[in-house]
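Observations on chain architecture
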Amino acid sequence: MTPLFQVKGLSKNYGTHIGCRDVNFDLYPGEVMGIVGESGSGKSTLLNCMAGHLTPDAGQVMFDTRAEGMKDTLEMSEPERRMLSRTDWAFVHQHARDGLRMNVSAGGNVGERLMAVGARHYGEIRDTAIDWLDRVEIKESRIDDRPSAFSGGMQQRLQIARNLVTGPRLVFMDEPTGGLDVSVQARLLDLLRSLVREMGLSAIIVTHDLAVVRLLADRLMVMKDGHVVESGLTDQVLDDPQHGYTQLLVSSVLQV
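Figured I'd write up the structure that's included with this text. (Residues numbered from 1 in each chain as written. Predicted model: local features only at pLDDT ≥ 70, side-chain atom pairs only at ≥ 80, totals over all residues. Heavy atoms only, no water.)

Examining the nonpolar core
By size, the foremost hydrophobic cluster in this structure holds 49 residues, and its most contacted members are Val 110, Trp 132, Val 136, Leu 158, Ile 160 and Met 173. Here this core gets six residues from one element, more than from any other, and that element is helix H6 (residues 182–199). Ignoring sequence-local partners within four residues, the contact set of Val 136 consists of Arg 157, Ile 160, Ala 161, Leu 191 and Leu 195. Counting 27 residues, the second largest nonpolar core, distinct from the first, contains Met 33, Leu 47, Met 50 and Trp 89. (Core = buried A, V, L, I, M, F, W, Y, C linked by side-chain atoms within 4.5 Å. Buried < 20%, exposed > 50% of the residue type's maximum accessible area, 1.4 Å probe, protein only. Helix = DSSP H or I, 4+ residues; strand = E, 2+ residues; numbered from the N terminus. Contact = heavy atoms within 4.5 Å.)

Shown next, in the form of structure tokens:
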């Protein structure tokens, strides 16, 4: 099987500080990769380099495009990258406000992404928005409300609807449950897991929460000081960690 996404030798420095160094992995269709590590480990730098929000110093970010097969996204033109981020890629921010238009209605937030890929029929756009709001457990009666009237959990679910409405093949998630109450986190995780499986999505999830990757990720990479120190099947890494740093991460959770 051809990988959907490949990272080859990806590196990013901030002066003398290593953001990430020589990261390599393949991601296959329908697979979810978790990236964990404490704050400052380099996981967010890596995610933003992969998603095109940061320019790495070295490496390749390859994606199996529909038209041309495997292509280095770092060498794409700006219009090509923009179209990719509207269609086959999606990015779920930790803070929903960063991924939503706060002055646009809930329905408008979902519909806007559809219009970005060419949808023009108002009735169809609205019907699709209603369907997606329902899928993320937001009532149709809230379609004309602005996100600022929503709770944090609802804003995050709306951001997910906005991102997934165009049927992307790869979703980047940056601490998708961060900052939410535990009960809200659990509900959001259940929703994410069902949508990922139902849509056959590939996803890369950055988090410091091992419970999140345990539930969502097929494979896991552990980062420390910008380097991947351990990787493998999620249950294998968490149940039998080999690297001392991974052992510390797992034991700190068990002690809580």
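Text resumes after the structure shown.
Observations concerning the packing of aromatic side chains
Following the criterion strictly, the structure yields six aromatic pairs and no others. Ring plane angle 50° and centroid distance 6.3 Å describe the contact between Phe 5 and Phe 25, whose orientation is recorded as tilted. Placement of the pair is Phe 5 in strand E1 (residues 5–14) and Phe 25 in strand E2 (residues 17–27), with a sequence separation of 20 residues. Phe 25 matches Phe 5 in its accessibility class, with the two residues each being buried. Chaining the aromatic ring pairs together yields one cluster made of Phe 5, Phe 25, Phe 63, Trp 89, Phe 91 and Phe 172. Over the aromatic face of Trp 132 sits the side chain of Arg 135, whose NZ or CZ is 4.1 Å from the ring centroid. Sitting over the ring of Tyr 245, Lys 224 keeps its end group 5.7 Å from the ring centre. (Phe/Tyr/Trp six-rings, centres within 6.5 Å; stacked < 30°, edge-to-face > 60°. Lys NZ or Arg CZ within 6 Å of the ring centre and 35° of its normal.)

Some details on the environment of Arg 120
Its place among the elements puts Arg 120 in the loop between helix H3 (106–116) and helix H4 (122–135). In contact with Arg 120, other than residues within four places in its own chain, are Met 115 and Ile 125.

Quick notes on unusual backbone geometry
At Glu 137, a residue that is not glycine, the phi angle is positive and equals roughly 65°. Position of Glu 137 relative to the elements: it lies in the loop between H4 and helix H5 (152–164). One non-glycine residue, Asp 225, lies in the positive phi region at around 50°.

Description of the pattern of salt bridges
One pass over the full model with this rule turns up 17 salt bridges. Linking Glu 80 and Lys 71 is a salt bridge whose minimum nitrogen-to-oxygen distance equals 2.6 Å. The shortest N-O distance in the salt bridge between Glu 78 and Arg 81 comes to 3.2 Å. Residue Glu 78 and its partner Arg 81 are located together in helix H2 (residues 78–86), separated by three residues, close to a single helical turn. Glu 78 gets classed as partly exposed once you look at its relative accessible area, which sits at 43%. Classification of Arg 81 as partly exposed rests on a relative accessible area of 28%. (Salt bridge = Lys/Arg side-chain N within 4 Å of Asp/Glu carboxyl O.)

Comments concerning the side chain of Arg 157
Inspection of the secondary structure assignment puts Arg 157 in helix H5. Although Arg 157 is buried, it makes no salt bridge; Glu 137 carries the closest opposite charge, 4.4 Å away. Other than its neighbours up to four places away in sequence, Arg 157 contacts Val 136, Glu 137, Ile 138, Arg 187, Leu 188 and Leu 191. (Lys, Arg positive; Asp, Glu negative; His and termini not counted.)

Overview of the pairing of strand E3 (residues 32–36)
For E3, the tally of buried residues reaches five of five residues, placing the bulk of the element in the interior. Going residue by residue along E3, you find Val 32, Gly 34 and Val 36 tucked away on one face and Met 33 and Ile 35 tucked away on the opposite face as well. The pairing of E3 with strand E9 (residues 219–224) spans four bridges and is classified as parallel. The partner of Ile 35 across the bridge, within E9, is Met 221. (Pairing = 2+ DSSP bridges.)

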